[in-house]
Structure formats: C-alpha cells, structure tokens
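Secondary and tertiary structure notes
The primary structure of each chain is shown beneath.
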Amino acid sequence: MADGVVVPYDDISPFARGDGVETRLMIGKHIDATAPFTTGTTVFPAGAAAPLHSHNCAEQVTILEGEAEALVGGELKTLGCMDSTFIPADVPHYFRNTGSGRLVIFWIYGARDVTRTFTDTGETVPHMSPQDQV
C-alpha cells in the first residue's frame, strides 16, 4: 500500500489472551506487506499481568491508561499514563495492572515477525498465536 492506510480502532477484532486480557493488532504485515514494525494495544483488567517474557526484537511500550508495575532490565518500576519503556530484544520483562481500573498499553515491536519466549518454560511462540496467552 504505497499510499498508506487508515485503520479505525473500532474495526479491529480483539484477540483474547486469557484472564480477561485482550490485544488488538493495529499495524503490521497483515495490513501492509512492507510494514517494518508491528503495533497494537493490550488491555489488562485489574490485577492481570503478562508473565515474564522476552521478544526476538526491541519493544517500546507506552501506558495509555491506568497504573502498572513493570519489570524491565531487572528493575521494578511503577508506571502511569504516558510513561514509556524501551526493551531491547531478548530482555525479560512484564507488565502488571496495579490499579483498580483497566490498564491499556500501546506497544511497538521493531520487527514484522515477532515471537514471545516465556521465561519460566523457555517456550517460544509466535506473537498472537493461540499459544500466546497470559
């Protein structure tokens, strides 16, 4: 799509990740074969978290709504609205909703083909595959 594309957020079907966590894939190779990155949002209900994991590429995360605890690079941080992180490839990390409402994160992966490796098991799965659960 040499001229670009607009993707209305409400047109994106949520991907259920378990524990009430939902992800929406916004931009990536599914939209345009030339897209050099993958972006989307994940919504965590109160108390929900992603398990400790890493990716095959760099990731940037911005908190759009709510309060989070993030483990990045071995450091535990408290994050709020518009706080951002940069996580290099292969660095274990997680985000946990520590607020009473929902936590919404916007993420950008620096790759077209993204994997997630769960730290506890060592299992690597394709991003947003049926095995990519919380």
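Coordinates for the structure precede this section.
Computed from a predicted structure; not experimentally measured.

The rules behind the values
Residues numbered from 1 in each chain as written. Predicted model: local features only at pLDDT ≥ 70, side-chain atom pairs only at ≥ 80, totals over all residues. Heavy atoms only, no water. Phe/Tyr/Trp six-rings, centres within 6.5 Å; stacked < 30°, edge-to-face > 60°. Buried < 20%, exposed > 50% of the residue type's maximum accessible area, 1.4 Å probe, protein only. Helix = DSSP H or I, 4+ residues; strand = E, 2+ residues; numbered from the N terminus. Contact = heavy atoms within 4.5 Å.

Counted according to the given criterion, the structure contains one aromatic pair. Between Trp-107 and Tyr-109, the ring centres sit 4.9 Å apart and the planes meet at 40 degrees, which makes this aromatic pair tilted. Pair check on accessibility: Trp-107 and Tyr-109 agree, each one buried.

This part covers the environment of Thr-98. Relative to the assigned elements, Thr-98 resides in the loop between strand E9 (93-97) and strand E10 (103-109). Accessibility expressed as a relative area gives 42% for Thr-98, which makes it partly exposed. As for Thr-98 and Glu-69, which are separated by 29 residues in sequence, their C-alpha atoms are 6.3 Å apart. With near-sequence residues (within four places) excluded, Thr-98 lies in contact with Glu-67, Ala-68 and Glu-69.

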